[in-house]
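Take a look at the letters that make up each chain.
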Amino acid sequence: MYKIMLVDDHPIVREGIFRLISTRNDMKVVAQANSGNEAYELLKEIELDIVITDFSMPGISGLKFIEKALARKSDLKIIMCSMHSSTQIVNFAYKLGAKGFVSKSANPTNILDAIKASNENRFFLSEDLQNRS
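What counts, and where the lines are drawn
- Counting starts from 1 at the beginning of each chain's written sequence and moves along it residue by residue.
- Under the rules for a predicted model, residues below a pLDDT of 70 receive no local features and side-chain atom pairs below 80 are neither given nor counted, while totals for whole chains, interfaces and linings still include all residues.
- For the side-chain quantities, the full set of heavy atoms in the structure was used; hydrogens and water were omitted.
- The secondary structure listing takes helices from DSSP runs of H or I that are at least 4 residues long and strands from runs of E that are at least 2 residues long, numbered from the N terminus.
- Note on contacts: a residue pair is in contact if any heavy atoms of the two residues lie within 4.5 Å.
- Each axis is a line fitted through C-alpha atoms, taken for helices only over the stretch in contact, and angles between the N-to-C directions span 0 to 180 degrees.
- Small angles under 35 degrees read as roughly parallel and large ones over 145 as roughly antiparallel, with 65 to 115 read as roughly perpendicular and the rest as oblique.
- Under this grouping Gly is polar, as are all residues other than the nonpolar Ala, Val, Leu, Ile, Met, Phe, Trp, Tyr, Cys and Pro and the charged Asp, Glu, Lys and Arg.
- Side-chain atoms within 4.5 Å are what join buried Ala, Val, Leu, Ile, Met, Phe, Trp, Tyr and Cys residues into a set we call a nonpolar core.
- Only protein chains enter the area calculation, which uses a 1.4 Å probe; residues under 20% of their type maximum are buried, those over 50% are exposed, and those in between are partly exposed.
- Left-handed describes a crossing whose near helix is turned anticlockwise from the far helix through less than a right angle; right-handed describes the clockwise counterpart.

Caption draft 1: Spatial organisation of the environment of Val90. With respect to the helices and strands, Val90 occurs in helix H4 (residues 87-96). For Val90 and Asn25, which are 65 residues apart along the polypeptide, the C-alpha to C-alpha distance reads 30 Å. Look past the residues within four positions of Val90 in its chain and what remains in contact with it is Ser85, Phe101, Leu125 and Leu129.

Caption draft 2: Unusual backbone geometry, seen in detail. Located in the positive-phi region is Asn121, a residue other than glycine, with phi close to 60°. Considering the arrangement of structural elements, one finds Asn121 in the loop between helix H5 (109-119) and strand S6 (124-125).

Caption draft 3: Structural view of the packing of helix H2 (residues 36-43) against helix H3 (residues 62-72). Where H2 contacts H3, the two axes come as close as 10 Å, and the packing angle between them is 10°. Put simply, H2 runs roughly parallel to H3. Here Gly36, Ala39, Tyr40 and Leu43 of H2 come into contact with H3, specifically with Phe65, Lys68, Ala69 and Arg72. Of the residues assigned to the contact of H2 with H3, the class counts are 5 nonpolar, 1 polar and 2 charged.

Caption draft 4: Representation of the nonpolar core in the model. Counting 27 residues, the largest nonpolar core has Met5 and Phe65 as its most contacted members. Within the residue set of this core, elements represented by two or more residues are strand S1 (2-7), strand S2 (27-33), H2, H3, strand S4 (77-82) and H4. The dominant element in this core, judged by the number of residues it contributes, is H3, at 5 residues. Beyond its immediate stretch of four places on either side in the chain, Met5 contacts Ala31, Gln32, Ala39, Leu42, Leu43, Leu48, Ile50, Val51, Ile52 and Phe65. Counting 20 residues, the second-largest nonpolar core is a separate cluster that includes Tyr2, Ile50, Ile52 and Ile111.

Caption draft 5: Layout of the packing of helix H1 (residues 11-22) against H5. Look at H1 against H5: their axes get within 10 Å of each other, and the N-to-C directions meet at 65°. Of the two possible hands of crossing, H1 and H5 adopt the one that is right-handed. Contacts between H1 and H5 involve Ile17, Leu20 and Ile21 on the former and, on the latter, Thr109, Ile111, Leu112 and Ile115. By residue class, the composition of the contact of H1 with H5 is 6 nonpolar, 1 polar and no charged.

Such coordinate-based values are descriptive only and should not be taken to indicate function.
Here is the structure:
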C-alpha cells in the first residue's frame, strides 16, 4: 500500500485528491499539510512513500519543498500538481527530482496514473501537458 501525503494550501483541492485516492485499496492518504514548511516537519514524523505537492503555497514553494524533502529522504517519490505548469516550472521540478507533474487542468485520474508511474520510477506528465505544441 502506498502511503501518501497531500500538500496544498487549498483544502478543497486536498479533499478532492483525498477522495480520488480513497477509491483505491492500494493507496492511502496518511497525512495532509497546507504548506511546504508543515509538510517538511511531517516528514520527520511519518513514514511516507509519495508526496503530492502544489507549486505555489505560503512559506517555501513546492520546488523548495522538493529539494529539502529529497535531501532528507532520497527515496521519496514526489509529484507536483499545480495550475502553474509552464515548461520552465515542469523542467525545474524534474531536475530537482520530482517523479511527475500533473496540471490542475488535467483529468483527475492523471493523479492515480502519476502515483503508479512514480512507484515504478517513471516520470509522469499529465496528458494536457504532453499535448502542448
